[in-house]
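One letter stands for each residue in the lines below.
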There are 2 protein chains.
Amino acid sequence: MNVSVDRPSLKRVSVIGLGLMGGSLALALRRAGVAEHIVGCGRAELLRRGQEMGAIDSGSVDAAESVAESDFVFLCTPVETSIGLMARIAPRLRPGALVSDVGSTKSAFAKAAREIFGASAYERVLPGHPLAGRELSGLEHASADLYAGCTWVLTPLVAETQGQLLDSSKGSLGEPPAGFTGEAAGLTAAQRTLRAALEAIGAHVIFASPEGHDHALAYTSHLPQMLSSALALTLEEAFGADNPALQVHAGGLKSMLRLAGSDPAMWEQIAASNRGNIAEALERLEAELRKLRESLGSAEFRKRFEQAREYAKFVKG
Amino acid sequence: MNVSVDRPSLKRVSVIGLGLMGGSLALALRRAGVAEHIVGCGRAELLRRGQEMGAIDSGSVDAAESVAESDFVFLCTPVETSIGLMARIAPRLRPGALVSDVGSTKSAFAKAAREIFGASAYERVLPGHPLAGRELSGLEHASADLYAGCTWVLTPLVAETQGQLLDSSKGSLGEPPAGFTGEAAGLTAAQRTLRAALEAIGAHVIFASPEGHDHALAYTSHLPQMLSSALALTLEEAFGADNPALQVHAGGLKSMLRLAGSDPAMWEQIAASNRGNIAEALERLEAELRKLRESLGSAEFRKRFEQAREYAKFVKG
């Protein structure tokens, strides 16, 4: 038998939820050769297609059953669904098994993990969020390339009562990541393996606290989504359907409406699980719009436009 | 001499303002072979570069002088600048010369044309707006392809006192276009030639009233621009500069910020010349954002997201 010191192995992996995210993860782990066996969980039809595509080796329609022998479990459903599933699989997990997820918000999931796993939550669960495209959904769009080059945020749990991470290597408590960072103290061996496997499928792994993640993403992801949807609603109110005026634009409109095509079911759960941060971001944006409106055509307007242009340059593609 | 019945000729053309729009127009007219001589107007440095690029045949730094012998004049500067230039060139125009422009708003320009040319405004001026990309500016980005495939809106003037178009072919008053349409009544021979020349450079010509144009574009062009700039300002307020949190996004943010890179000088003039319509559109959008914010995570939120997704599909690329 060959033993590679470079290639991490997740051994037996469960992927619960075979949509775009879960299907792509299974395909990517398979291609990178970092899983020995992948168990899928989802509707029978999806399990059949997942096996045909070579994404999974076996499958179960029952989440608890699908994790019974696995070393790593990825919950790949919308946030609230994943929280419910975590509670259901918890009693059936092997003692050393590590649970992760791909949900778009992390605080609610982290809170649930602490409730379910108590003091051992920090070592049993390592929540994650791959920042990969979401306008398409479903297993039919899954691709082993989805995560290549993407940023994958891992949000180690902070023991709620202590506000600190356990640094197991030192047998003491480490600091939780303040903001986004390339390293995190106190990861267990399984968590380090998880990280290495994600890097093996091409992801760029960074760390943040669940709360820091949700606050930042409210601005960089959830706010743009709200804007795009609100723009579509505004146009509908102004023009109704089939009005040729809607087609008179230079292309910028189309790019601003792209996100509005995202999955409403997923966004309902994101909005519910990050309500406070999103409301804060929206209020700030509403204030900026009001200020622009009140300054239309003035020197102040020009100044704000110039400021916006400068700042927009900071955002990397 | 060959006389082609198919190819329109603008004969002698003045292009005032040699930036992205004017430079591209000159290059496109030249390539399509629909102009015999192109006179450029702009700073000496731009005239030199325009001649080197083959965009113009001759040039003048003086706008009035540049139009003295021309049959067609295109004002290719921001809206308010074009209005000032129209007043300056008016006394020097040849009797049959037709003035057009490429400004982003049309009502203020149309109003100025009526003031300057009085009863003959409708036949002396045919305002226009090509919907071509604007994130880049300057002659260095000019291209003969800029207008290929673009929509070019022409907004025939309506005699202010009559609210109607003169249909010169019938010697009677025609109806102004209600909304956007592929045809317009009452165009003069020169105006039909202008239309044909624009089609020869690849533009898809449609017609609207100046007021109808400005109301629609407030929603399809100016509103998306305001949103993009307001998003940049909100992010700056939340994160400041150099915060790595700003880079944690899935790409949607970048597409929502693309328009924020547009030219503030141009947008100051657009905002000033279409203030009422833009304010109306912004107020409606602010109301939609408020409703989304107040419904975060509820069934109403989901319903609105689904409605937005359906409507966004109507917008063609």
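Residues numbered from 1 in each chain as written. Chains lettered and ligands numbered in written order. Predicted model: local features only at pLDDT ≥ 70, side-chain atom pairs only at ≥ 80, totals over all residues.

1. Focus on the overall build of chain A
Here is step 1 of the chain: Within chain A one finds twelve helices and ten strands.
Here is step 2 of the chain: Radius of gyration (C-alpha) of chain A: 21 Å, near the 20 Å computed for a compact globule of 317 residues.
Here is step 3 of the chain: Each of the three principal axes of chain A carries a C-alpha extent, and together these read 70 × 45 × 35 Å.
Here is step 4 of the chain: For chain A, the proportion of its 317 residues judged to be buried stands at 56%.
Here is step 5 of the chain: In chain A, of all internal contacts separated by at least 6 residues, the share reaching a separation of at least 24 is 73%. (Helix = DSSP H or I, 4+ residues; strand = E, 2+ residues; numbered from the N terminus. Rg over C-alpha atoms; globule rule 2.2 N^0.38 Å. Buried ≥ 20, exposed ≤ 12 C-beta atoms within 10 Å, placed from the backbone. Contact = placed C-beta atoms within 7 Å.)

2. Quick word on the sheet that holds strand β1 (residues 12–16) of chain A
Backbone-to-backbone hydrogen bonds join strands into a sheet, with any given pair of strands oriented parallel or antiparallel.
All names here are of chain A.
Here is step 1 of the chain: If you walk across this open sheet you meet the five strands as β3-β2-β1-β4-β5, and the pairing is parallel. Edge positions in the sheet fall to β3 (58–60) and β5 (98–101), since each has one partner strand and no second. On average, each strand axis in the sheet is tilted by 20° relative to the strand beside it, whichever way the strands run.
Here is step 2 of the chain: The pairing of β1 with strand β2 (residues 37–41) spans five bridges and is parallel. Note that in β2 the partner of Val 13 across the bridge is Ile 38.
Here is step 3 of the chain: Along the sheet face, helix α1 (residues 20–32) touches β1, β2 and β4 (72–75) and points at about 160° away from the line of β1. (Pairing = 2+ DSSP bridges. Axes fitted to C-alpha atoms, helices over the stretch in contact; angles between N-to-C directions.)

3. Some details on the nonpolar core
Here is step 1 of the chain: Core analysis: the biggest nonpolar cluster contains 216 residues, and Val15(A), Leu29(A), Leu231(A), Val15(B), Leu29(B), Phe74(B) and Leu231(B) have the highest contact counts within it.
Here is step 2 of the chain: Setting aside residues no more than four positions away along its own chain, Leu231(A) makes contact with Met256(A), Leu257(A), Leu223(B), Pro224(B), Leu227(B) and Leu285(B). (Core = buried A, V, L, I, M, F, W, Y, C linked by C-beta atoms within 7 Å.)

4. Quick notes on the interface of chain B and chain A
Here is step 1 of the chain: The interface of chain B with chain A comprises 82 residues on the first partner and 82 residues on the second.
Here is step 2 of the chain: If you tally residues by element for the side of chain B that touches chain A, the top one is helix α8 (residues 210–239) of chain B, at 21 residues.
Here is step 3 of the chain: Residues belonging to the side of chain B that touches chain A are distributed by class as follows: 47 nonpolar, 18 polar and 17 charged. (Nonpolar A, V, L, I, M, F, W, Y, C, P; charged D, E, K, R; others polar.)

5. Quick look at the relation of the copies chain B and chain A
Here is step 1 of the chain: Aligned on chain A, chain B shows an RMSD of 0.0 Å; the corresponding rotation is 180° and the shift along the axis is 0.0 Å. The relationship between the two copies is best expressed as a two-fold rotation axis. (Least-squares fit on C-alpha atoms with pLDDT ≥ 70 in both.)

6. Quick look at the packing of helix α11 (residues 275–294) of chain A against α8(B)
Here is step 1 of the chain: Across the interface, α11(A) lies against α8(B) with an axial gap of 9 Å and an inter-helix angle of 125°. When the axes of α11(A) and α8(B) are compared, the pair comes out oblique. Read as a crossing pair, α11(A) and α8(B) show a hand that is right-handed. Counting all contacts with α11(A), which are made through Ala281(A), Arg284(A), Leu285(A), Glu288(A), Leu289(A) and Leu292(A), the residues of α8(B) involved are Met226(B), Ser229(B), Ala230(B), Leu231(B), Leu233(B), Thr234(B), Glu237(B) and Ala238(B).
Here is step 2 of the chain: Considering only residue class, the contact of α11(A) with α8(B) consists of nine nonpolar, two polar and three charged. (Parallel < 35°, antiparallel > 145°, perpendicular 65-115°, else oblique. Left-handed = near helix turned anticlockwise from the far one by under 90°.)

7. Overview of the environment of Val153(A)
Here is step 1 of the chain: Examined against the element boundaries, Val153(A) turns out to sit in strand β7 (residues 151–154).
Here is step 2 of the chain: A C-alpha to C-alpha distance of 5.8 Å links Val153(A) and Val205(A), two positions 52 residues apart in sequence.
Here is step 3 of the chain: In this structure, Val153(A) is in contact with Gly128(A), His129(A), Ile206(A), Ala208(A), His213(A) and Val248(B), ignoring residues within four places of it in sequence.

8. Considering the domain arrangement of chain A
Residues and elements named next belong to chain A.
Here is step 1 of the chain: For chain A, the assigned domains are domain 1 (12–209) and domain 2 (214–312).
Here is step 2 of the chain: Domain 1 and domain 2 are separated by 31 Å when their C-alpha centres are compared.
Here is step 3 of the chain: With eleven residues of domain 1 at the contact, the number on the domain 2 side is twelve residues.
Here is step 4 of the chain: Every element with two or more residues in the side of domain 1 that touches domain 2 is listed here: α4 (79–89) and α5 (107–117).
Here is step 5 of the chain: Of the residues assigned to the side of domain 1 that touches domain 2, the class counts are three nonpolar, four polar and four charged. (Domains from an automatic or database assignment.)

9. Section: the environment of Gly17(B)
All names here are of chain B.
Here is step 1 of the chain: Along the chain, Gly 17 falls in the loop between β1 (12–16) and α1 (20–32).
Here is step 2 of the chain: Since 25 C-beta atoms lie within 10 Å of it, Gly 17 is described here as buried.
Here is step 3 of the chain: Separated by 57 residues in sequence, Gly 17 and Phe 74 have C-alpha atoms that sit 8.6 Å apart.

10. Some remarks on the sheet that holds strand β10 (residues 204–207) of chain A
Residues and elements named next belong to chain A.
Here is step 1 of the chain: Spatially, the three strands line up as an open sheet ordered β6-β7-β10, and their pairing is mixed. Strands with a single pairing partner mark the edges of an open sheet, and in this sheet they are β6 (128–130) and β10. Between one strand axis and the next, the sheet turns by 20° as a mean value, whatever way the strands run.

11. Brief notes about unusual backbone geometry
Outside of glycine, negative phi angles account for most residues, and trans bonds account for most peptide bonds.
Residues and elements named next belong to chain A.
Here is step 1 of the chain: With a phi angle near 55°, Lys 11 is a residue other than glycine that sits in the positive phi range.
Here is step 2 of the chain: Inspection of the secondary structure assignment puts Lys 11 in the segment before β1.
Here is step 3 of the chain: By C-beta crowding, Lys 11 is classed as partly exposed, having 14 other C-beta atoms within 10 Å.

12. Things to note about the pairing of strand β5 (residues 98–101) of chain B
Residues and elements named next belong to chain B.
Here is step 1 of the chain: Burial along β5 is two-sided: the residues Leu 98 and Ser 100 and Val 99 and Asp 101 are all buried.
Here is step 2 of the chain: As defined by bridge partners, strand β4 (residues 72–75) adjoins β5 across four bridges and the pair is classed as parallel. Counterpart to Phe 72 in the pairing with β5 is Leu 98.
Here is step 3 of the chain: Chirality of the crossover, the property in question, places the unit of β4, helix α4 (residues 79–89) and β5 among those that are right-handed. (Right-handed = clockwise from strand over helix to strand, strands pointing away.)

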